[in-house]
Amino acid sequence: VQLQASGGGLVQAGGSLRLSCLASGRTFRFYNMGWFRQAPGKEREFVAAISYSGGITSFADSVKGRFTISRDNAKNTVYLQMNSLKPDDTAVYYCAAPSRAHGSESSLPGPYDYWGQGTQVTVSS
């Protein structure tokens, strides 16, 4: 399984970015997908996840109402739309995938077994 994240960059507070993650190596539509982030000096944390069907999503409290997650199973891609960005959102963002297919809603926060290379998001104040 390979995951390739893209779309990071430098943005001012209040701005928006959309991250993409292209997956390959297995049947994408069978698997939940997640986004995590890691800020300097901090542990990696859950940001958002989406069920394999796309019908169920889950978000960290810190991003609820500002971030949305979606997927295009025809393109093997999951997206993270980030609006109203804050300096505290500055981090390396990683997409992730589980090894288990058809995961339940309760498994949306994890565990995840495959990780992309990360894309840097920097929000200036």
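Residues numbered from 1 in each chain as written. Predicted model: local features only at pLDDT ≥ 70, side-chain atom pairs only at ≥ 80, totals over all residues. Heavy atoms only, no water.

This part is about the pairing of strand 7 (residues 67-72). Side chains of strand 7 alternate between two faces, with Phe67, Ile69 and Arg71 buried and Thr68, Ser70 and Asp72 left unburied. Between strand 7 and the antiparallel strand that follows it, strand 8 (residues 77-82), lie four residues; Asn76 among them carries a positive phi value of about 55°. (Buried < 20%, exposed > 50% of the residue type's maximum accessible area, 1.4 Å probe, protein only. Helix = DSSP H or I, 4+ residues; strand = E, 2+ residues; numbered from the N terminus. Pairing = 2+ DSSP bridges.)

Turning to its location among the elements, Asp89 is positioned in the loop between strand 8 and strand 9 (91-97). Among residues more than four places away in sequence, those in contact with Asp89 are Arg37, Arg66, Phe67, Ser84, Val121 and Val123. (Contact = heavy atoms within 4.5 Å.)

Another point: the sheet that holds strand 8. Pairing in this open sheet of four strands is antiparallel, and the strands run 1-3-8-7 from one edge to the other. Of all strands in the sheet, those with a lone pairing partner are strand 1 (2-6) and strand 7, marking the two edges. Across the sheet, the mean angle from the axis of one strand to that of its neighbour is 15°, orientation sign disregarded. Here five bridges tie strand 1 to strand 3 (residues 17-24), and the two strands are oriented antiparallel to one another. By the bridge assignment for strand 3, Gln4 is matched with Leu22. (Axes fitted to C-alpha atoms, helices over the stretch in contact; angles between N-to-C directions.)

Right, let's talk about the state of the cysteines for a bit. Counted according to the given criterion, the structure contains one disulfide. Put simply, Cys21 and Cys95 are joined by a disulfide, and their sulfur atoms are 2.1 Å apart. Where Cys21 bonds to Cys95 through sulfur, the torsion about that S-S bond is close to 60°, and the disulfide is right-handed. Residue Cys21 is located in strand 3, and its partner Cys95 is located in strand 9; the two are separated by 74 residues in the primary sequence. Grouping residues by exposure puts Cys21 and Cys95 together as buried. (Disulfide = S-S within 2.5 Å.)

Structural measurements only, silent on function.
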